[in-house]
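# Overview (structure and organization)
The residues making up each chain are set out below.
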Amino acid sequence: MTIEQIKQAVESAEWTSIATEIRPGTVKTPEGNIKPLFCSRQFTYPGSDKFQLTFINYADPNGKIPLVSMLISGHIRFGKPHPIADGAYELDYIADEGFEITILHEGFVNSLNAAPASEDIGKWEVHAAKNVLNKAVPAFGLKAGEFFTEYDLIYIYDNLLFNGSRNIDGRPFDKPENRPTNLQVPLVSKNINHQKHHL
């Protein structure tokens, strides 16, 4: 598929996780082992090279104990073809329009509040969304004055949407050299009858 064909395809649907996903986390145990991260994703692409992502992190592999929800919106930027598959492309997600974090679990709130509070956001509360766009939130790897950006990839096959698979050593997609080299579990499409989601 060409870039224009990919844009048309992704804008026509909501894209959701088939089941709870598992990936290497960025946190390590005291022994140096990488902790797994359990999550689900829901993307919409409302046109004009924009995206909106709802990302939920769970405490368990079955997705029964949600910890935190993130609502992220911004722009996508296509790059050169990616060698993983014919029709795959480099794709950057730039969260330059919105980034909200909502903690969904009391224990997680207590853990976050045990660390020094960020002057930008203050104390956390359960089910209280915080706008963290351009703010320093060390627990989530966010830096003040910077738009959160992931250097990813995109590929569509048989009505499935693939992004990049997480690096097995837990490295985030925070710079071009950390861009993934393989495919993540795909997202399935839900037709939205070509209605645009306005951010």
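Reading the values: the criteria
Residues numbered from 1 in each chain as written. Predicted model: local features only at pLDDT ≥ 70, side-chain atom pairs only at ≥ 80, totals over all residues. Heavy atoms only, no water. pLDDT = per-residue confidence, 0-100. Contact = heavy atoms within 4.5 Å. Core = buried A, V, L, I, M, F, W, Y, C linked by side-chain atoms within 4.5 Å. Buried < 20%, exposed > 50% of the residue type's maximum accessible area, 1.4 Å probe, protein only. Helix = DSSP H or I, 4+ residues; strand = E, 2+ residues; numbered from the N terminus. Pairing = 2+ DSSP bridges. Salt bridge = Lys/Arg side-chain N within 4 Å of Asp/Glu carboxyl O. Phe/Tyr/Trp six-rings, centres within 6.5 Å; stacked < 30°, edge-to-face > 60°. Arc of directions from axis to C-beta.

### Structural notes on the confidence of the model for the protein chain
Of all residues in the protein chain, 96% have pLDDT values of 70 or greater, and the mean over the chain is 92. Low pLDDT, under 50, characterises residues 193-199; the stretch is placed with 14 contacts to residues that sit more than four places away or in other chains.

### Section: the nonpolar core
Counting 35 residues, the largest nonpolar core has Tyr45, Ile101, Trp124 and Phe140 as its most contacted members. Sort the elements by how many residues they give to this core and strand β6 (residues 89-103) lands first, with seven residues. When sequence neighbours within four positions are dropped, the list of residues in contact with phenylalanine 140 reads Val68, Met70, Ile101, Ile103, Phe108, Leu112 and Trp124.

### Here's the deal with the pairing of β6
Along β6, twelve of the 15 residues are buried, which leaves the element largely enclosed by surrounding structure. Bridge count between strand β5 (residues 66-81) and β6: eleven bridges; the pairing is antiparallel. Bridging across to β6, histidine 75 finds its partner in isoleucine 94. Of the pairings in the sheet, the one linking β6 to strand β8 (residues 148-157) comprises seven bridges and is antiparallel in character. Of the residues in β8, the one forming a bridge with aspartate 92 is tyrosine 151.

### Some thoughts on the pattern of salt bridges
Taken as a whole and assessed by the stated rule, the structure comprises ten salt bridges. Here glutamate 21 and arginine 23 are joined by a salt bridge, their closest N and O atoms 3.4 Å apart. In this structure arginine 23 comes out as buried when scored by relative accessible area, which is 9%. Arginine 179 is the partner of glutamate 90 in a salt bridge, and the nearest nitrogen-oxygen pair spans 3.7 Å.

### Quick look at the packing of aromatic side chains
Each pair of aromatic rings is reported with the distance of its centres and the angle of its planes. Scanning all chains against the criterion turns up ten aromatic pairs. Judged by centre distance (6.3 Å) and plane angle (50 degrees), the ring pair of phenylalanine 43 and phenylalanine 51 falls under tilted. Per residue, the accessibility class of phenylalanine 43 equals that of phenylalanine 51, and both read buried. A ring pair is formed by tryptophan 124 and phenylalanine 140, whose centres lie 5.9 Å apart and whose planes are at 55 degrees; its orientation type is tilted. With tryptophan 124 in the loop between α2 (106-114) and β7 (130-131) and phenylalanine 140 in the loop between β7 and β8, this pair connects stretches of sequence that are 16 residues apart. In terms of burial, tryptophan 124 and phenylalanine 140 fall into one category: buried.

### Looking at the environment of phenylalanine 99
Structurally, the position occupied by phenylalanine 99 is in strand β6. Each C-alpha atom of the pair phenylalanine 99 and methionine 70 lies 7.0 Å from the other, and the pair is 29 residues apart in sequence. Sequence-distant contacts of phenylalanine 99, that is, excluding residues within four places in its chain, are made with Met70, Leu71, Ile72, Lys130, Asn131, Val132, Leu133, Leu142 and Phe148.

### Focus: unusual backbone geometry
In the Ramachandran plot, aspartate 49 falls in the positive-phi region, its phi being about 60 degrees despite a non-glycine side chain. Here aspartate 49 shows up in the loop between β3 (34-47) and β4 (50-58). Judged by its relative accessible area of 28%, aspartate 49 falls in the partly exposed class. One non-glycine residue with positive phi stands out, namely aspartate 158, at about 50 degrees.

### Here we look at α2
Looking at α2, one finds that the buried residues are Val109, Leu112 and Asn113. Along the axis of α2, the buried positions cluster into a sector of 95 degrees, meaning they face one direction only. In the core, the buried residues of α2 are packed alongside β6.

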